[in-house]
Amino acid sequence: MSELMKSWVESANSADTQFPLNNLPYGVFTTGEEDPRCGVAIGDMILDVAYLEEEGVIALDDDGDPLLDLPFWNEVMEAGRETWDALRARLIELLAEDGDAVLRDDADMRTRALVPLADAEMHMPFVVSEYTDFYAGKQHAQNMGAILRGSPDLPANWLHIPIGYNGRASSVVVSGTDIHRPLGQSKAPDAEMPSFGPCKRLDIELEMGAIVGTSSEMGQPITVDQADDMIFGYVLLNDWSARDIQGWEYQPLGPFQGKAFGTTISPWIVTSAALEPFRTETPARDKELLPYLAESKPGLYDIALEVTMQPEGADKATTVAQTNYSRMYYSAAQQLCHHAVGGVPMNGGDLLGSGTISGPSKSEYGSLMELSWAGREPFTLDTGETRTFIEDGDTLTLKGAAKGDGYQIGFGDCEGKILPAITNFPAK
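Residues numbered from 1 in each chain as written. Predicted model: local features only at pLDDT ≥ 70, side-chain atom pairs only at ≥ 80, totals over all residues. Heavy atoms only, no water.

## Details of the packing of aromatic side chains
Within this structure, the stated rule accounts for 11 aromatic pairs. Aromatic side chains Trp 84 and Phe 232 sit 5.0 Å apart centroid to centroid with 70 degrees between the ring planes, which places their arrangement in the edge-to-face category. With a gap of 148 residues between them, Trp 84 in helix 3 (residues 81-95) and Phe 232 in strand 14 (residues 231-239) connect regions that are remote in the sequence. For the pair formed by Trp 84 and Phe 232, the shared burial category is buried. A cation over an aromatic ring shows up here: Arg 285 above the ring of Tyr 329, its NZ or CZ 4.4 Å from the ring centre. (Phe/Tyr/Trp six-rings, centres within 6.5 Å; stacked < 30°, edge-to-face > 60°. Helix = DSSP H or I, 4+ residues; strand = E, 2+ residues; numbered from the N terminus. Buried < 20%, exposed > 50% of the residue type's maximum accessible area, 1.4 Å probe, protein only. Lys NZ or Arg CZ within 6 Å of the ring centre and 35° of its normal.)

What follows is the structure, encoded as structure tokens:
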């Protein structure tokens, strides 16, 4: 495991920061009325890399064309791994304790380039081209089978392929965006007809999101190793789920409205390069995978994850689950490889949700459906209130960090508050 890399930005050397020099995640921010800009988190500051590119301190394109003057990171992503590596190397050189002094020793440039994180508003860090969500956590799949079908047995295909569905890129939002309780059809078990109204069983799913950086050609499969090289970075991802709406609609074509109303991601893209020291093996296989899904190196990452819930008006949040990304059965590279194997062209900016991450103990369950066992086992918050599913005004937060020797690689919180359903529909 690598050690903390020292920076002249003092706050980046604290063991408590999510953003040491080892991390350098990418985001988009504003601090006032100006347009959103590309920035890099370092300690308790944001480095305005769009400004540094304007000043010639960072140069990524051989022809001198800017890549960071847009309010998203897609241009850098699509430039490819050589550019990704060059940018990371230049940032480390500029921010390291004993690195290039051009920024460190220029007080005016430092004042202009470094913005307090506390003063910034974060925006979507990239334009989502398309969104695919997977069902690749074994414990979650077994739990859902036990809850819905009375048996933890997995579907016949589950141990052979990473199952997924195409979601809605249009409803992927950045942390801090409020989510309205969705409307839809649901049907009670003893009812003859479905009813229409607000979701009664609103849930979360604790996931990681992999961001595809470079594209593949239509009709051209990719290997797992190629897929791994195409992944630009990762975010925390909350796949909000309307369980009662989903339960009525999902046969026979799978999730639709119950999953389409909102997906929240954390504001910082943690690059695959920053996570490299934390690679870990996928679990032992119950059945041998077909050769095209074989990995030449460990495909998962050791990332500690946490879910908190805070009712409206409560002075603190309650931790309701803690688990680890290493609990997944399939890696993001395997998911991306399988996604493209039939010839689907993958695009820079595609977002792949890992599927719900749950571990073997109840404290590791990554959804309220599992934590309350479909509402049959309410759980108690630190405030004394009980929950089975999400109530209006509740704020749900996902947290995650890879833990190194005296440092951590964090993603920033992935947070959303549930607002009441819009009830003046249809209009009178």
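Additional details are given in the paragraphs that follow.
## Here we look at a negative patch on the surface
A cluster of acidic residues, Asp 62, Asp 63, Asp 65, Glu 82 and Asp 85, forms a negative patch on the protein surface. Among the structural elements, Asp 65 can be located in the loop between helix 1 (49-54) and helix 2 (74-79). Assessed through its relative accessible area of 45%, Asp 65 is described here as partly exposed. (Patch = residues over 30% accessible without salt bridge, like charges linked within 9 Å, V, L, I, M, F, W, Y side chains within 5 Å. Areas by Shrake-Rupley, 256 points an atom, 1.4 Å probe, with all protein chains shown as cover. Salt bridge = Lys/Arg side-chain N within 4 Å of Asp/Glu carboxyl O. Lys, Arg positive; Asp, Glu negative; His and termini not counted. Charge placed at Lys NZ, Arg CZ, Asp CG, Glu CD.)

## So, the state of the cysteines
Applying the stated rule across the entire model yields zero disulfides. Cys 38 carries a free sulfur, and the closest cysteine sulfur to it, the one in Cys 414, is 20 Å from it. A disulfide-free cysteine, Cys 414 has its sulfur positioned 18 Å from the sulfur of Cys 199, the nearest such atom. (Disulfide = S-S within 2.5 Å.)

## Topic: the environment of Glu 385
Relative to the helices and strands, Glu 385 resides in the loop between strand 23 (379-380) and strand 24 (386-387). Accessibility expressed as a relative area gives 32% for Glu 385, which makes it partly exposed. Apart from the residues lying within four places of it in its own chain, the contact partners of Glu 385 are Pro 311, Phe 379 and Thr 380. Only 3.1 Å separates the side chain of Glu 385 from the side chain of Thr 383, close enough to count as a polar contact. (Contact = heavy atoms within 4.5 Å. Polar contact = N/O pair within 3.5 Å; in protein donor to acceptor, adjacent residues only side chain to side chain.)

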